Amino acid sequence: MANDHSDKSRLPIVAGILAATAAAAPSFFSRAESLRSAMAGCGEDAGWIDRLAAAGYAVGGLPGADSARAACVAAPILAAFLAISWIARKLPLDLQNRIRWGLSIAAMVVIGFGAFEGFQAFQRDIRDIRLLAPVDLLKTVGDRDGRVFINSPALSAASLLSPDLISRAPTAEAIQTLTSSPVRWREEDRRDPFAAILLAVPLEDSRPLVEMLGASPELHLTTIDNQGLLYRRGEGTEDTSTATPKFANKRDTALHDAQTAMVMHFLGKNNDAREWMAQARQTAPRDPIVLTQSATLAAALKQWPTTKREAELALREDASSTQARYLLALALLETGNISAAAGESATLSAKASNTPSVLWLQARISREANDPNTEIAALEKLLTLAQKQKEEATIIHIHLAQAWAKRGFATQALENYNAALKGNLTPAQRTELDNAKGTIQDRASRH
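An account of the accompanying structure is given in this report.

Parameters and conventions
Residues numbered from 1 in each chain as written. Predicted model: local features only at pLDDT ≥ 70, side-chain atom pairs only at ≥ 80, totals over all residues. Heavy atoms only, no water. Helix = DSSP H or I, 4+ residues; strand = E, 2+ residues; numbered from the N terminus. Contact = heavy atoms within 4.5 Å. Disulfide = S-S within 2.5 Å. Axes fitted to C-alpha atoms, helices over the stretch in contact; angles between N-to-C directions. Parallel < 35°, antiparallel > 145°, perpendicular 65-115°, else oblique. Left-handed = near helix turned anticlockwise from the far one by under 90°. Nonpolar A, V, L, I, M, F, W, Y, C, P; charged D, E, K, R; others polar. Patch = residues over 30% accessible without salt bridge, like charges linked within 9 Å, V, L, I, M, F, W, Y side chains within 5 Å. Areas by Shrake-Rupley, 256 points an atom, 1.4 Å probe, with all protein chains shown as cover. Salt bridge = Lys/Arg side-chain N within 4 Å of Asp/Glu carboxyl O. Buried < 20%, exposed > 50% of the residue type's maximum accessible area, 1.4 Å probe, protein only. Polar contact = N/O pair within 3.5 Å; in protein donor to acceptor, adjacent residues only side chain to side chain. 1 Å grid on protein atoms, 1.4 Å probe; cavity = no way out; pocket = protein on both sides within 12 Å on 5 of 7 lines; lining within 4 Å. Points joined across faces, edges and corners; volume = space filled by probe spheres on them. Phe/Tyr/Trp six-rings, centres within 6.5 Å; stacked < 30°, edge-to-face > 60°. Lys NZ or Arg CZ within 6 Å of the ring centre and 35° of its normal.

### Some words on the side chain of threonine 394
Counting through the fold element by element, threonine 394 comes out in helix H18 (residues 394-407). For threonine 394, the contacting residues outside a window of four places in its chain are Ala420, Gly423, Asn424 and Leu425.

### So, the state of the cysteines
The tally for this structure, following the rule as stated, stands at zero disulfides. This cysteine, cysteine 42, is not joined by any disulfide, and cysteine 72 carries the nearest cysteine sulfur, 15 Å off.

### What about the packing of helix H10 (residues 250-266) against helix H11 (residues 270-283)?
Here H10 crosses H11 at 165°, and the two axes come no closer than 8 Å. Between H10 and H11, the angle falls in the class roughly antiparallel. The two elements H10 and H11 meet at a crossing, and its hand is left-handed. Touching Lys250, Ala254, His256, Asp257, Ala258, Thr260, Ala261, Met262, Met264 and His265 of H10 are Asn270, Asp272, Ala273, Trp276, Met277, Gln279, Ala280 and Thr283, all from H11. When grouped by side-chain class, the residues that make up the contact of H10 with H11 number nine nonpolar, six polar and three charged.

### So, unusual backbone geometry
Peptide bonds are trans in most cases, and residues, glycine excluded, mostly fall at negative phi. A cis amide bond links valine 201 to the next residue, proline 202, at an omega of -5°. Relative to the elements of secondary structure, proline 202 occurs in the loop between strand S2 (196-200) and helix H9 (207-214). For asparagine 370, which is not glycine, the phi torsion reads 55° and is therefore positive. A positive phi angle is found at lysine 390, which is not glycine, with a value near 55°. For lysine 390, the position within the fold is in the loop between helix H17 (372-388) and H18.

### Details of a nonpolar patch on the surface
Together, Phe28, Phe29, Phe119 and Phe122 line one region of the surface with nonpolar side chains, adding up to about 400 Å² of accessible area. Note that phenylalanine 122 resides in helix H4 (residues 93-124).

### Topic: the environment of serine 67
Mapped onto the elements of the fold, serine 67 is located in helix H3 (residues 48-88). Judged by its relative accessible area of 37%, serine 67 is partly exposed. With 167 residues separating them along the chain, serine 67 and glycine 234 place their C-alpha atoms 44 Å apart. In terms of polar contacts, serine 67 uses its side chain to reach the backbone carbonyl oxygen of proline 63, at 2.9 Å.

### Some words on the layout of surface pockets
Gaps left between atoms are located by rolling a probe of water-molecule size over the structure's atoms. Roughly 480 Å³ of internal volume is contained in the second largest pocket. If you go around the second largest pocket, you meet 14 residues; those closest to its centre are Gly43, Glu44, Leu155, Ser156 and Ala172. Secondary-structure elements contributing two or more residues to the lining of the second largest pocket are helix H2 (31-40), helix H6 (152-161) and helix H7 (172-180). If one sorts the elements of the lining of the second largest pocket by residue count, H6 sits on top with four residues. Looking at the lining of the second largest pocket residue by residue, the classes come out as six nonpolar, five polar and three charged.

### Overview of the packing of aromatic side chains
Considering all chains together, one arrives at five aromatic pairs under this definition. Arranged with centres 6.0 Å apart and planes meeting at 85°, the rings of phenylalanine 149 and tryptophan 185 form a pair that is edge-to-face. Here phenylalanine 149, found in strand S1 (residues 148-150), pairs with tryptophan 185, found in helix H8 (residues 182-191); they are 36 residues apart in sequence, far enough to count as distant. For the pair shown, phenylalanine 149 and tryptophan 185 are each scored as buried. Of the aromatic side chains, those joined through ring pairs into one cluster are Phe149, Trp185 and Phe194. Directly above the ring of phenylalanine 247 sits arginine 130, whose terminal nitrogen or CZ lies 4.2 Å from the centroid.

Structure representation (structure tokens):
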């Protein structure tokens, strides 16, 4: 009897260990998230989980970051099972048995969910760091002397992977300012010239700077990488030939080629972009990430039927892909299938209800579907997010004013027009808003 009671008392502990292990398993198959967390952990305002990931990376590289994230998931679950088990020992025997059964059922649910999430993460996992960060570009810049300019994504990577480079680059605040203002960048470069400029993906915020660098007689684009661009000062022939490095498997090779295609498109090299993406599709025809990248390129080229086809194929392989569903909804909108677009948008917003791009798309689709209620709900969420981030909200107020006016709510429409008129507007935009506001006021006075 004593042994039987001892076995029963150990059951919640075993269940807790198994549940904690299963729940933590996805952390070992989501290397991109481990790298992101570790990079974020190098910042001054990092959360404690990100700081632990950074500490784990310092000790054991990416496996260390994986382990740190896993521990953050497993520890609370195991602690909860142990605490409940300890409390149960103080209770009557029949109640102890009920709690043990409850913990066993809870453990099975957590194990099942963890196994499912782990398998999903395993299918999507990218292990090679060259597909996650500009490691080769950082090494190239780090091996040379001189002052370096890096954009914000490159700064995040350098903070973790090449910290010595940080002392040769401007501050984070200066980087944001200089990236968005070519005039200020040129002034800073004249004051203290940059020997090299590293721009890591995503590159869209660096477009003004890239356009200026393309016209510079002193700075040359020397390397196009799947993770970004490298410019160097000096004379000489530009060498931007790109070759696929060796990877452990075909999938990684395809991911590299798909990423390179998007960089080529950013540079306006659309023929090269198509060739790289076709190569990626041929190498890994069913990989959901490659298919999603292919749909992204097609959308950028406004090839909407191709976008729709590739997004549908991606969702067939990975129904949880938010990006693929976003592209499908966008393609349906652009091809005039508004009802189907609205259905996809509803599914998408349920999964990513606080993602600005998703909310903007939902607002657009709802406007086309003549559904001002859903449009207003999406825009109100966007406004809340913009206010939290202290971002410019003029365009959101304009759309909200129009949506409220469409529903016949003059007070709300006027409030948003007044808020929009306080923002940065051209004279033509200001006149247009004043006229719209006057029209609403006239209608309200007649009623």
